[in-house]
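Here is what each chain is made of, one letter per residue.
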Amino acid sequence: MNWIWFFIRVTGLTAYLLLTLSLLAGIMRHVPRNKGFYLSFHQIIGQVALLFIGIHAFLLLFDQYEPYSLEAIFVPFASSYHPILSGLGTIAAYMLLIVIITSDFMKVIGRSVWKKTHYLVLPLWLLSFLHGILMGTDSAANRAPFFYWGTFAVIVCGTIYLGAAMTRSKKLRSSH
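To keep things clear, this report deals only with the structure shown in the data block. Predicted model, so just to flag it, every value in this text is computed and none were measured.

A closer look at the overall build of the protein chain
Along its length, the protein chain carries 8 helices and 0 strands. If you list the helices and strands of the protein chain from N to C, you get α-α-α-α-α-α-α-α. The principal-axis extent of the C-alpha atoms belonging to the protein chain is close to 65 × 40 × 25 Å. Across the protein chain, contacts joining residues at least 24 apart in sequence account for 59% of those joining residues at least 6 apart. The average position of the 13 basic charges and that of the 5 acidic charges among the side chains of the protein chain differ by 30 Å.

Okay, here's the thing in structure tokens:
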């Protein structure tokens, strides 16, 4: 077995799952109960997802089938192997890095800028979804489409819930 290839796949899938859980926890933070738990979980899991993305990218340097150069890893669309899909993953990683850094400096940059920047989580998650489902070598396996489409359904439902909760909250505030 090619262990590098195995760990590239495992770290990529793990990063995507952690990113999904972080996004879901960010959505669930708007539930009246356990806000502190969801916020802490959201922040920690997002940072761990970034760590796994870094490991995933680092291991690509050692892949025997399609080794990536540093340029292919850090410059979107510079890869000779699926340049568009690789580029989507690179852009998503940069977007996550921006979200995490601006979150760490929210008091410096202000809540308004932070909030606008934080909305990058949905497009970055969608780019990660596309990168994984269209490029991942596990995508043809029976369990992979179920995994990806299941997470997609969970995020869509969570986003609809969040939109409804925010609309309800605005209506309650305006009626007082």
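Regarding unusual backbone geometry
Its identity is not glycine, yet Phe-77 carries a phi of approximately 70°, on the positive side. A relative accessible area of 41% places Phe-77 in the partly exposed class. One non-glycine residue with positive phi stands out, namely His-82, at about 45°. Among the structural elements, His-82 can be located in the loop between α3 (70-74) and α4 (83-104).

Observations concerning the packing of aromatic side chains
Scanning the entire structure with this criterion turns up 17 aromatic pairs. Seen in terms of ring centroids, Tyr-16 and Phe-147 are 5.6 Å apart; in terms of plane orientation they differ by 75°. Their pairing is edge-to-face. Of this pair, Tyr-16 sits in helix α1 (residues 3-28) while Phe-147 sits in helix α8 (residues 143-175), placing them 131 residues apart in sequence. A residue is classified by how much of its surface remains accessible, and Phe-147, at 23% relative accessible area, is partly exposed.

Rules used in this analysis
- Residues numbered from 1 in each chain as written.
- Predicted model: local features only at pLDDT ≥ 70, side-chain atom pairs only at ≥ 80, totals over all residues.
- Heavy atoms only, no water.
- Helix = DSSP H or I, 4+ residues; strand = E, 2+ residues; numbered from the N terminus.
- Contact = heavy atoms within 4.5 Å.
- Lys, Arg positive; Asp, Glu negative; His and termini not counted.
- Charge placed at Lys NZ, Arg CZ, Asp CG, Glu CD.
- Buried < 20%, exposed > 50% of the residue type's maximum accessible area, 1.4 Å probe, protein only.
- Phe/Tyr/Trp six-rings, centres within 6.5 Å; stacked < 30°, edge-to-face > 60°.

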